[in-house]
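# Summary of the model geometry
Letter by letter, the chains look like this.
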Amino acid sequence: MRHRLGVSGSTILSDPAHFSALFWEGIDHIEIGEFPDEPSFTTFLHMCRNQTITFGIHSPLLRTGSKYDLLESVFMDSAHAWKQVEHECRMLRELGASYLLVHFPYFKRGVPARGFELLEQGLDRLRRIQQASGLSIICEPKLGFDKSSAAIRFFHDSPLSLWADIGLCMDIGDFLLADSDSVSRCVDKWHNQIKVVHLHNVEHTKEGKYWWIPVHPSHENDGIHYQTGGLIRQLAQSPQVTFVFEHTPHNQASAAFIQEGYEWVKMLVGRTSE
């Protein structure tokens, strides 16, 4: 089945002045969130409709919203976070979004003693919201504070049956940082539920930070970056995946470098004939 290619708002940090830069030649989809205000979201909607490109929203819709708080209060109260998801799903279904993506599961540092109970209750609640709104919800397991891998490992160890009817997003950078040795096994296990893939490599700075950088074939043998080619090929064996280019502009990669990575991914997922 034909895979879809998308671009993330992270490539422009959701800056309305650069919305046009999201419409790469040959893409099918844009995933974006954290708009500065509602008028900028309206502007984006008009641009999407004129280009006949689908869109998904990476919650929160607005920058002032909750991003990490569904299972525990990180920056905002969890009750507020759940109300936000319910509201966004209802509204976005009417506006033609393909899905709402949420960071789930997310824990700051470690999984609490009630972790499994919280996960089970959270998934039940997401299913109810999904059914009531008619909009697909995609869950993206995320690293916590200081690159804590607790939530991603907890997700991987959870039973498949718990995630029935919920689509998954794999952020290959986060999963490689969490445990590069087990990523392939994780893809094997969740093969049929992975619907979205966030594509970026990782570049570490001298200050101990890291940036999301474009995937590129030169990383495969440079001894510095993660090798992503085999993982992308493996992910392309899932029934139908939207591959979303999700680097950020911090490392100032050239347009040519980004385009080379784009063409490489098209080859890896079988889109070179277009």
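To keep things clear, this report deals only with the structure shown in the data block. As the structure is a computational prediction, the values presented were derived from the model and not from experiment.

Rules behind the numbers
- Residues numbered from 1 in each chain as written.
- Predicted model: local features only at pLDDT ≥ 70, side-chain atom pairs only at ≥ 80, totals over all residues.
- Heavy atoms only, no water.
- Pairing = 2+ DSSP bridges.
- Helix = DSSP H or I, 4+ residues; strand = E, 2+ residues; numbered from the N terminus.
- Axes fitted to C-alpha atoms, helices over the stretch in contact; angles between N-to-C directions.
- Buried < 20%, exposed > 50% of the residue type's maximum accessible area, 1.4 Å probe, protein only.
- Right-handed = clockwise from strand over helix to strand, strands pointing away.
- Parallel < 35°, antiparallel > 145°, perpendicular 65-115°, else oblique.
- Contact = heavy atoms within 4.5 Å.
- Nonpolar A, V, L, I, M, F, W, Y, C, P; charged D, E, K, R; others polar.
- Expected span 1.5 Å × (residues − 1).
- Arc of directions from axis to C-beta.

On to the sheet that holds strand β1 (residues 4-8). With respect to topology, 8 strands assemble into a closed barrel ordered β1-β2-β3-β4-β5-β6-β7-β10, the strand pairing being parallel. Direction aside, neighbouring strands of the sheet carry axes that sit 25 degrees apart on average. Relative to strand β3 (residues 54-58), strand β2 (residues 29-32) runs parallel, the two being bridged by 4 bridges. Bridge pairing in β3 places H29 opposite T54.

To continue, consider the pairing of β3. Burial of β3 is extensive: 4 of the 5 residues sit out of reach of the surface. Of the crossover connections in this fold, the one passing from β2 over helix α1 (residues 38-51) to the parallel β3 is right-handed. Here 2 bridges tie β3 to strand β4 (residues 99-103), and the two strands are oriented parallel to one another. Across the sheet, the residue bridging to I57 is L100, located in β4.

Here we come to the packing of helix α4 (residues 150-157) against helix α5 (residues 172-179). One can describe the packing of α4 onto α5 by two numbers: an axis separation of 9 Å at closest approach and a directional angle of 95 degrees. Between α4 and α5, the angle is such that the two are roughly perpendicular. Contacts between α4 and α5 pair I152, R153 and F155 from the former with D174, F175, A178 and D179 from the latter. Here the residues of the contact of α4 with α5 are counted per class, giving 4 nonpolar, no polar and 3 charged.

Quick reminder: α-helices carry 3.6 residues per turn. Residues three or four places apart thus point the same way. For α1, with 14 residues, the first-to-last C-alpha span of 20 Å sits near the 20 Å given by 1.5 Å per residue. Turning to α1, its buried residues are S40, F41, F44, L45 and C48. For α1, the arc enclosing every buried residue in end-on projection is 145 degrees, short of the 170-degree limit, so these residues lie on one face. Turned more than 90 degrees away from the buried face of α1, the exposed residues are P39 and N50. Of the surrounding elements, those touching the buried residues of α1 are β2, β3 and α2 (78-95). One or two residues past the end of α1 sits T52, with phi positive at roughly 50 degrees.

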